[in-house]
Amino acid sequence: MTLAAALPMTPWTDEELVARSKTGDIDSFNQLVKRWERPIFALAYRTLGREEDARDVTQETFLRAFRALSGFKGDAKFSSWLYRIALNLCRDWIRKERRAPIVAVPEGVDVEHLAAERGPVETVEDLAARAELSREVARAMDYLPSEQRQAIILKEYHGLTFQEIADLMRCPLSTVKTRVYQGLSTLRKQLGEQMAPRRES
Amino acid sequence: MQHIADNHDALLDYLYDEGDPAERIRIARHLQECAPCSVAVLEFQNVRGMLRDWTPPAADLGFRIVQDIDASPRASVPQRAQGGWWQGWGRATHQARWAQAAAAVLLFAAGMAASQLTVQYTDGALTVRTRPGVPSPSVQTVSARTASIPLPAEHTDGVDIDALERELRSRMTASNASPVDTEQLLQRVRAMIDQSEQRQQRELALRLSQVATEVDTQHQADLLRIQQSLGQQQDEFMNYLVRTSGGTK
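Residues numbered from 1 in each chain as written. Chains lettered and ligands numbered in written order. Predicted model: local features only at pLDDT ≥ 70, side-chain atom pairs only at ≥ 80, totals over all residues. Heavy atoms only, no water.

**Q** When you look at the packing of helix α1 (residues 8–15) of chain B against helix α3 (residues 35–51) of chain B in this model, what are you seeing that I'm missing?
**A** Each pair of packed helices can be summarised by the angle the axes make with each other and by the distance between the axes. All names here are of chain B. In contact at an axis separation of 11 Å, α1 and α3 are set at 50° when each is read in the N-to-C sense. Here α1 is positioned oblique relative to α3, judged by the angle of their axes. In this structure, the crossing between α1 and α3 has a hand that is right-handed. Judged by residue contacts, L11, Y14 and L15 of α1 engage V41, F44, Q45 and R48 from α3. Looking at side-chain class alone, the contact of α1 with α3 contains 5 nonpolar, 1 polar and 1 charged residues. (Axes fitted to C-alpha atoms, helices over the stretch in contact; angles between N-to-C directions. Helix = DSSP H or I, 4+ residues; strand = E, 2+ residues; numbered from the N terminus. Parallel < 35°, antiparallel > 145°, perpendicular 65-115°, else oblique. Left-handed = near helix turned anticlockwise from the far one by under 90°. Contact = heavy atoms within 4.5 Å. Nonpolar A, V, L, I, M, F, W, Y, C, P; charged D, E, K, R; others polar.)

So, in structure tokens, the structure goes:
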């Protein structure tokens, strides 16, 4: 069979890759790692606030997933299962470290990093403003209890529905909505000073 | 209608575009008439806009599960990208050098096959030629007519991996390797070639998928910019309304 004939027209779904991984196909599992490592890292980073911690949690998440793959029945989406593992690890990490989840200005949020993803009309001043705003957001998120912060992270950055978050966090839908609302209200107050100049601009 | 600022469920459903569409339409109509609720919604939307500026660092991740050649895959651990898939293979330092050389030759042959090159091995000399481009129709016709005519080995297009394997097998036998070792090695090399080809196919498919994702992301970003622009105009309009109505809430 030629390479062109063997090439699938669409990439394999998570479910297909999970099924192949269960038969011992490590490459298939590595495809899943490649597909999900950045979202999991982003979740861990925003929850823990430190790049090295987030990296370790991400690695541990995939290791645990790999070891427990035979027990994954597919009742939930693979991504939801991964998110749950990562959130549990973040929670354990915070308990173990006995510290507030976000203790410092986030690392790596600098103008150089932002420059890589800037739009064509964005000036250096805009980039600096974005970097400062990013730090402000991180500080404001620091004020939130971990449940509110996690609910907002899952909603804002991972696009989960309220019901999916409720399933993931194993709490009622109304609880998730309350957490998101309270979290946003707190952020609204904390970021109030930032909002005025933005609105003027 | 109840003020949306006092109805958290409705406010969140409206903000995140969830819930009953008819209810969202009712809320939108209410917002056109109620300045305090409009201001509340705009403030929450601004908060959400600011949250989008919180980006994680562009860390170089590249985690992979690697298989130790002497252990079950399930006992292996993820390694950073620096190690790569060949780590497990590299651990087999007890293998003779000729075995690794044989693997390299077969991998090279597989690469030649994938890159449309012609390899000929005659009289102890290895010749590599690029395969001609897409043949013209007349050439195709000739090829079809002569397809059933057996050609000498040195004129066969593409890489004859079986021939290479036979050659390697004879050389390894000549170097006093035991037949069992030779057979195991060849099996492993064949497995590596299969895995390499599968991986190339999957990576190509993944790249296609990434391109599609990037296009979609750009599309979403464009929509977002349009939405933000509209939001600003709405904001200005609401400020104007508040000013002209004497700032009443």
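**Q** Which parts of the structure should I look at to understand the packing of helix α2 (residues 14–22) of chain A against helix α3 (residues 26–48) of chain A?
**A** Residue and element names in this part refer to chain A. In the contact formed by α2 and α3, the axes pass within 7 Å of each other and the chain directions differ by 140°. The angle between α2 and α3 falls in the class oblique. The hand of the α2/α3 crossing is left-handed. Residue-level inspection shows D14, L17, V18, R20 and S21 of α2 in contact with α3, the latter providing S28, F29, Q31, L32, R35 and W36.

**Q** Looking at this model, I keep getting lost on the packing of aromatic side chains. Mind explaining?
**A** Aromatic rings considered in pairs are described by the distance between their centres and by the relative angle of their planes. Counted according to the given criterion, the structure contains 9 aromatic pairs over all chains. Between W36 of chain A and Y83 of chain A, the aromatic rings sit 6.3 Å apart at their centres with planes inclined by 80°, giving edge-to-face as the arrangement. Highlighted residues: W36 of chain A in helix α3 and Y83 of chain A in helix α5 (residues 78–97), separated in sequence by 47 residues. Pairwise contacts between aromatic rings join F72, F78 and W81 of chain A into one cluster. Sitting over the ring of W54 of chain B, R46 of chain A keeps its end group 5.8 Å from the ring centre. If you follow K155 of chain A out to its NZ or CZ, it ends over the ring of F162 of chain A, 4.3 Å from the centre. (Phe/Tyr/Trp six-rings, centres within 6.5 Å; stacked < 30°, edge-to-face > 60°. Lys NZ or Arg CZ within 6 Å of the ring centre and 35° of its normal.)

**Q** Help me understand a nonpolar patch on the surface in this model?
**A** A grouping of L223, I226 and L230 of chain B is seen on the molecular surface, where their side chains present a nonpolar patch of about 290 Å² in accessible area. Turning to its location among the elements, I226 of chain B is positioned in helix α8 (residues 179–244). (Patch = residues over 30% accessible without salt bridge, like charges linked within 9 Å, V, L, I, M, F, W, Y side chains within 5 Å. Areas by Shrake-Rupley, 256 points an atom, 1.4 Å probe, with all protein chains shown as cover. Salt bridge = Lys/Arg side-chain N within 4 Å of Asp/Glu carboxyl O.)

**Q** Would you mind going over unusual backbone geometry with me for this structure?
**A** With the exception of glycine, the majority of residues adopt a negative phi angle, and the majority of peptide bonds are in the trans configuration. The backbone of R170 of chain A sits at a positive phi, close to 55°, despite the residue not being glycine. Within the secondary structure layout, R170 of chain A lies in the loop between α9 (162–169) and α10 (173–190). In this model, D17 of chain B sits at a positive phi of 60°, which is unusual for a non-glycine residue. Structurally, D17 of chain B can be placed in the loop between α1 and α2 (21–33).

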